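Examination of the molecular architecture
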Amino acid sequence: MTSGFLVRRRLGWLVGLVGLVGCEDADTVARVGRASLTREDVGLARAGQSPSVRATPEQALEVLVDEALLAEEARRQGLTDEPTVKARLAAQSRALLANALFERTVAERVTEQALRERYAEERARLERREVHVAHVFARLTENADEATRRQAQARIHRAYARLAGGESFEAVARELSEDAVSAERGGDLGVVREGEVDAAFFTQAVGLVAGAWSKPFESPFGLHVVKALEAPRAVVPPFEEVRGKLETRAREEARTALLERLRGEISIRRHPERLAVPGEAK
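For the structure given in this document, a descriptive report is provided here. All figures in this text were calculated on a predicted structure; none of them were measured in a lab.

**Let's talk about the pairing of strand β1 (residues 28-32)**
- As defined by bridge partners, β1 adjoins strand β2 (residues 35-38) across four bridges and the pair is classed as antiparallel. By the bridge assignment, A30 is partnered in β2 with L37.
- In textbook terms, the turn of a hairpin is the stretch between consecutive antiparallel strands, and for β1 and β2 this stretch comprises two residues, one of which, G33, has a positive phi near 65°.

**A few points about the packing of helix α4 (residues 83-109) against helix α11 (residues 239-265)**
- One can describe the packing of α4 onto α11 by two numbers: an axis separation of 10 Å at closest approach and a directional angle of 120°. Judged on the interaxial angle alone, α11 and α4 are oblique. As for how α4 packs across α11, the hand of that crossing is right-handed. Between α4 and α11, the contacting residues are L101, F102, E103, T105, V106 and R109 on the first element and R251, A254, R255, A257, L258 and L262 on the second.
- A breakdown of the residues in the contact of α4 with α11 according to their chemical character gives seven nonpolar, one polar and four charged.

**Some remarks on the environment of R125**
- When you line up the elements, R125 lands in helix α6 (residues 123-126).
- The spatial distance from the C-alpha of R125 to the C-alpha of V236 is 8.8 Å, given a sequence separation of 111 residues.
- There is a polar contact of 2.5 Å between the side chain of R125 and the side chain of E122.

**A closer look at α4**
- With 27 residues, α4 should reach 39 Å at 1.5 Å per residue; the first-to-last C-alpha distance of 38 Å fits that figure.
- Residues of α4 that are buried: F102, T105 and V106.
- Structurally, α4 contributes buried residues whose contacts are with α11.

**Brief notes about the pattern of salt bridges**
- The full count for this structure, using the stated rule, is 23 salt bridges.
- A salt bridge links R243 to E247; the shortest N-O distance between them is 2.7 Å. Separated by four residues within a single helix, R243 and E247 lie in helix α11, roughly one turn from each other.
- What you see here is one network of salt bridges that share partners, running through E112, R116, E240, R243 and E247.

**A look at the packing of aromatic side chains**
- Under the criterion given, the structure shown has two aromatic pairs.
- Plain terms: the ring middles of Y119 and F239 are 5.6 Å apart, the flat faces sit at 75° to each other, and that makes the pair edge-to-face. Here the residue Y119 occupies a position in helix α5 (residues 112-121), and F239 occupies one in helix α11, the gap between them amounting to 120 residues. Accessibility classification places Y119 together with F239 in one group, the buried group.
- Between F201 and F217 the ring centres are 6.0 Å apart and the planes differ by 55°, which places this aromatic pair in the tilted class. With F201 in helix α10 (residues 199-206) and F217 in strand β5 (residues 217-219), this residue pair connects regions lying 16 residues apart in the sequence. Like F201, the residue F217 is buried in the burial classification.

Rules behind the numbers
Residues numbered from 1 in each chain as written. Predicted model: local features only at pLDDT ≥ 70, side-chain atom pairs only at ≥ 80, totals over all residues. Heavy atoms only, no water. Pairing = 2+ DSSP bridges. Helix = DSSP H or I, 4+ residues; strand = E, 2+ residues; numbered from the N terminus. Axes fitted to C-alpha atoms, helices over the stretch in contact; angles between N-to-C directions. Parallel < 35°, antiparallel > 145°, perpendicular 65-115°, else oblique. Left-handed = near helix turned anticlockwise from the far one by under 90°. Contact = heavy atoms within 4.5 Å. Nonpolar A, V, L, I, M, F, W, Y, C, P; charged D, E, K, R; others polar. Polar contact = N/O pair within 3.5 Å; in protein donor to acceptor, adjacent residues only side chain to side chain. Expected span 1.5 Å × (residues − 1). Buried < 20%, exposed > 50% of the residue type's maximum accessible area, 1.4 Å probe, protein only. Salt bridge = Lys/Arg side-chain N within 4 Å of Asp/Glu carboxyl O. Phe/Tyr/Trp six-rings, centres within 6.5 Å; stacked < 30°, edge-to-face > 60°.

Written out as structure tokens, the structure is:
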């Protein structure tokens, strides 16, 4: 065999190799059997890791290569034809595609501008009453025994009697209230807002004029005497405070609308009679 023939053969092999490389996707970073691993695969693997322990791209690629090797062998052994494996693969694919479609739909409908427009439309509904209050508190749990209940009642009625006798609310709260944090401030709880505290407590507080205090009453947390430090007022929370709630409702509405549209476009046939499992009670 002449040297010229060997040179031509080697050149032909190199040209063929270049041709194969040229046909491969530029994003492919590895091939394992028939499977391709891409830069996107590596990026997703690293994105799921904490920054403090995030692998380098090379390390992540080696982990993916190992997984791909195992997956290729699973295919060679026919595991993809086993009913349980097929069901799990289908479930993962279904969940991934459903989530991807939903997020795309949400991205189109739940924009920052749309949320701000919703906020402007719902200002009246978002309005909440609030009041600056103080309280004297006697702890009483739902499962308290009779002796504990009597002690709590005695404490709160003693506080009310001292207030009626002319002592300052701040002094009574510091001495008798079992809410240690507010007791240090003379019972001052700060501003409480409708919907953010127990309804019974808020009803008592918002019904008072500034400077007045209530009779003893019970909430799920215990017994109280509450004082209004200022007159109640109605406020609309700022956009930043309610943005999360607005987005949650918008996402739920987007999902409902999407499903309603798809039910009208895609046929659905159910076979509930096939759900029965032998030996399992209905």
